[in-house]
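In case you want the letters, here they are:
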Amino acid sequence: MDRYEGFREFVDARQQSLMRTAYLLTGDSHLAEDLVQTVLTRVASHWSKLAGTGNPEAYTRKALVNQHLSWRRRRSFSEIAGLEVPDRGEAHDDATLRRLALRQSLAKLSPKQRAVIVLRFYEDRSEQETAQLMGCSVGTVKSQTHYALSKLRALAPQEAYR
């Protein structure tokens, strides 16, 4: 039996979802690609064990969040590219402007707050699932969600963050 049996199929099936999550966590498509590649390299090295447990996606998602938080601890916030949208005088529709404002607001959250928002509201995870993926308690998820939503409301009061 090949120790990577099923890994290619797993990556093919889940890569887009992992990329979306990584992009929402990092706010940068290149960093998202690096994050997914780093995590999938680690997953591949443990694949034979993970494939036997029956839930490699949970491990992969937790590794994705943990790796992102690890990178954020090592990087300064000033290294985040593209936080400011250049004013080019072009017409944008309201949806585009709202997405850009949300992206800028998300970039100003702490790494844990951003991870909670991405997991809870973009991936529609429960508090319990989010706590498991982040390796923290449900209470921490609740408090980080509260603080993150409060900060988002302050940063973009025109949006209705519930």
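The following refers to the structure shown. (Residues numbered from 1 in each chain as written. Predicted model: local features only at pLDDT ≥ 70, side-chain atom pairs only at ≥ 80, totals over all residues. Heavy atoms only, no water.)

Considerations on the overall build of the chain
At step 1: For the chain, the count of helices and strands is eight helices and zero strands.
At step 2: Listing the helices and strands of the chain from first to last along the sequence gives α-α-α-α-α-α-α-α.
At step 3: Residues classed as buried in the chain amount to 40% of the 162 residues present.
At step 4: The contacts of the chain with a sequence gap of at least 6 include a subset with a gap of at least 24, amounting to 65%.
At step 5: When the accessible surface of the chain is split by element, carbon and sulfur atoms take 50% of a total near 9,700 Å². (Helix = DSSP H or I, 4+ residues; strand = E, 2+ residues; numbered from the N terminus. Buried < 20%, exposed > 50% of the residue type's maximum accessible area, 1.4 Å probe, protein only. Contact = heavy atoms within 4.5 Å. Areas by Shrake-Rupley, 256 points an atom, 1.4 Å probe, with all protein chains shown as cover.)

Observations concerning the packing of aromatic side chains
At step 1: Going through the model one piece at a time under the given rule, you end up with two aromatic pairs.
At step 2: With a centroid separation of 5.2 Å and an interplanar angle of 70°, the aromatic rings of Phe7 and Trp47 are classed as edge-to-face. Here the residue Phe7 occupies a position in helix α1 (residues 7–26), and Trp47 occupies one in helix α3 (residues 47–53), the gap between them amounting to 40 residues.
At step 3: Arranged with centres 5.3 Å apart and planes meeting at 40°, the rings of Phe10 and Trp47 form a pair that is tilted. Remark: Trp47 occurs in helix α3 and Phe10 occurs in helix α1; sequence separation between them is 37 residues.
At step 4: When its relative accessible area of 4% is taken as the criterion, Trp47 is described as buried.
At step 5: Following the ring pairs from residue to residue traces out a cluster consisting of Phe7, Phe10 and Trp47.
At step 6: One residue, Arg120, lies across the ring of Phe121, its end atom 5.6 Å from the ring centre. (Phe/Tyr/Trp six-rings, centres within 6.5 Å; stacked < 30°, edge-to-face > 60°. Lys NZ or Arg CZ within 6 Å of the ring centre and 35° of its normal.)

Some thoughts on the pattern of salt bridges
At step 1: This model, assessed by the stated rule, comprises four salt bridges.
At step 2: Residue Arg61 is joined to Glu123 by a salt bridge in which the shortest nitrogen-to-oxygen separation is 2.8 Å. Of the two residues, Arg61 is situated in helix α4 (residues 56–74) and Glu123 in the loop between α6 (111–122) and α7 (127–134); the sequence distance between them amounts to 62 residues. Both residues of the pair, Arg61 and Glu123, belong to the buried class.
At step 3: The salt bridge involving Arg125 is made with Glu123; its shortest N-O contact spans 3.0 Å. (Salt bridge = Lys/Arg side-chain N within 4 Å of Asp/Glu carboxyl O.)

Re the packing of α6 against helix α8 (residues 138–155)
At step 1: Two elements in contact, α6 and α8, have axes whose closest approach is 9 Å; the angle formed by their N-to-C orientations is 100°. On the basis of their axis angle, the class for α6 and α8 is roughly perpendicular. Mapping the contact onto sequence places Lys112, Gln113, Val116, Ile117, Arg120 and Phe121 in α6 and Val141, Gln144, Thr145, Tyr147, Ala148, Leu149, Lys151 and Leu152 in α8. (Axes fitted to C-alpha atoms, helices over the stretch in contact; angles between N-to-C directions. Parallel < 35°, antiparallel > 145°, perpendicular 65-115°, else oblique.)

Section: helix α2 (residues 29–45)
Residues spaced three or four apart along an α-helix point in a common direction, a consequence of the helix completing one turn every 3.6 residues.
At step 1: With 17 residues, α2 extends 25 Å between its outermost C-alpha atoms, agreeing within 8% with the 24 Å of an ideal straight helix rising 1.5 Å per residue.
At step 2: For α2, the full list of buried residues reads Ala32, Leu35, Val36, Val39, Leu40, Val43 and Ala44. End-on, the buried residues of α2 take up no more than an arc of 160°, which puts them together on one face. Along α2, the residues that are exposed and aim more than 90 degrees away from the buried face are His30, Gln37 and Thr41.
At step 3: Between the side-chain oxygen at the start of α2 and the backbone nitrogen of His30 there is a gap of 3.0 Å, and the oxygen is on Asp28. (Expected span 1.5 Å × (residues − 1). Arc of directions from axis to C-beta. Polar contact = N/O pair within 3.5 Å; in protein donor to acceptor, adjacent residues only side chain to side chain.)

Quick word on α7
At step 1: Turning to α7, its buried residues are Thr130, Ala131, Leu133 and Met134. Burial along α7 is one-sided: seen end-on, the buried residues are contained in an arc of 165°.
At step 2: One or two positions beyond α7, positive phi appears at Gly135, with a value near 70°.

Focus: unusual backbone geometry
At step 1: If you check the backbone angles, Asp124 has positive phi at about 55° while not being a glycine.
At step 2: With respect to the element layout, Asp124 can be found in the loop between α6 and α7.

Function cannot be read off these values alone, since they describe shape.
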